[in-house]
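Summary of the model geometry
The lines below spell out each chain.
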Amino acid sequence: MPEEFKDAVEKKVLAIGKESSKAEPSSLNAILAHEKFFPKPYADYKQTSIGYGTKAIEGEKEIDEPTARKRAIEEINKNKKVITDFAKEKGYNWTPNQINALISFRYNIGNINELTAGGTRDDKKIAEMMPLYHNVTVDGVKKKAAGLVKRRNQETALFKQGMKEKSGVKVIRGK
């Protein structure tokens, strides 16, 4: 990362870390628009999910909507912390829109490590790769899922919007 951005990134990451513990409405609403509410547990790729796609507690038979929403918010906040910590560790200077896009992506996929190639891809490459995560496995066969195509396109658009917000910004060290 260029030296001229390091102070700004550190200040932004610290500012993000000090924000309230509540999920941002934009993150919550975007994610819940893609996650349907299921009161009963269901098989969800590598886990059993419930509510708004969060991991079911062992033996859990049902969840009400307010509890499911609370769990979704907790999961979003956890994902936000993981992403902002990752950004700081790897030297990314992601904007709030980029972070929100990655929160949604991680909420659905479970990680951003593959997407970012362990923190080695730049924003442009991440934006190119994001839409490719649109498959579901049915009976051992990967198939394109229309809902995931839509979700990835929205996440990619939000990530790119964040990229545009950064373009042309000149940071003066120490300011």
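Just above, that's the structure.
Being a predicted model, the structure only gives us computed values, none of them experimental.

**Re the overall build of the protein**
Helices and strands together make up the secondary structure of the protein, namely seven helices and five strands. Order of helices (α) and strands (β) in the protein, N terminus to C terminus: α-α-β-β-β-α-α-α-α-β-β-α. Residue pairs in contact within the protein that sit at least 24 positions apart in sequence constitute 57% of those at least 6 positions apart. Approximately 10,600 Å² of the protein is accessible, and the part contributed by carbon and sulfur atoms is 53%.

**Comments concerning the packing of aromatic side chains**
Following the criterion strictly, the structure yields six aromatic pairs and no others. With a centroid separation of 4.8 Å and 55 degrees between ring planes, the pair formed by Phe-38 and Tyr-42 is classed as tilted. Taking relative accessible area as the criterion, Phe-38 reaches 37% and is therefore assigned partly exposed. On the accessibility criterion, Tyr-42 (21% relative accessible area) is partly exposed. Centroid distance Phe-86 to Trp-94: 6.3 Å. Interplanar angle 10 degrees. Geometry classified as stacked. One aromatic cluster is present, formed by Phe-86, Tyr-92 and Trp-94 through successive ring pairs.

**As for the packing of helix α3 (residues 65-90) against helix α4 (residues 96-109)**
Look at α3 against α4: their axes get within 9 Å of each other, and the N-to-C directions meet at 120 degrees. Considering the angle they form, α3 stands oblique to α4. Crossing of α3 over α4 shows right-handed handedness. Contacts between α3 and α4 pair Ala-72, Glu-75, Ile-76, Lys-78, Asn-79, Lys-80, Val-82, Ile-83 and Thr-84 from the former with Ile-99, Leu-102, Ile-103, Arg-106 and Tyr-107 from the latter. When its residues are assigned to classes, the contact of α3 with α4 shows eight nonpolar, two polar and four charged.

**Some points on the nonpolar core**
Counting residues in hydrophobic clusters, the biggest one holds 29 residues, and the most contacted among them are Trp-94, Leu-102, Leu-115 and Phe-159. Contributing elements (two or more residues each) for this core: α2 (25-34), α3, α4 and α6 (123-129). Excluding residues that lie within four positions of it along the chain, Trp-94 makes contacts with Ile-83, Phe-86, Ala-87, Ile-99, Leu-102, Ile-112, Thr-116, Asp-123, Ile-126, Phe-159 and Lys-166.

**Concerning α3**
With 26 residues, α3 extends 37 Å from end C-alpha to end C-alpha; this agrees with the ideal 38 Å at 1.5 Å per step. Burial in α3 covers these residues: Ala-68, Arg-71, Ala-72, Ile-76, Asn-79, Lys-80, Ile-83, Thr-84, Phe-86 and Ala-87. Remark: Gly-91 follows α3 within two positions and exhibits a positive phi of approximately 85 degrees.

**A closer look at the side chain of Asn-79**
In this structure, Asn-79 sits in helix α3. Apart from residues no more than four positions distant in its own chain, Asn-79 is found in contact with Ile-103, Arg-106 and Tyr-107.

About the criteria used
Residues numbered from 1 in each chain as written. Predicted model: local features only at pLDDT ≥ 70, side-chain atom pairs only at ≥ 80, totals over all residues. Heavy atoms only, no water. Helix = DSSP H or I, 4+ residues; strand = E, 2+ residues; numbered from the N terminus. Contact = heavy atoms within 4.5 Å. Areas by Shrake-Rupley, 256 points an atom, 1.4 Å probe, with all protein chains shown as cover. Phe/Tyr/Trp six-rings, centres within 6.5 Å; stacked < 30°, edge-to-face > 60°. Buried < 20%, exposed > 50% of the residue type's maximum accessible area, 1.4 Å probe, protein only. Axes fitted to C-alpha atoms, helices over the stretch in contact; angles between N-to-C directions. Parallel < 35°, antiparallel > 145°, perpendicular 65-115°, else oblique. Left-handed = near helix turned anticlockwise from the far one by under 90°. Nonpolar A, V, L, I, M, F, W, Y, C, P; charged D, E, K, R; others polar. Core = buried A, V, L, I, M, F, W, Y, C linked by side-chain atoms within 4.5 Å. Expected span 1.5 Å × (residues − 1).

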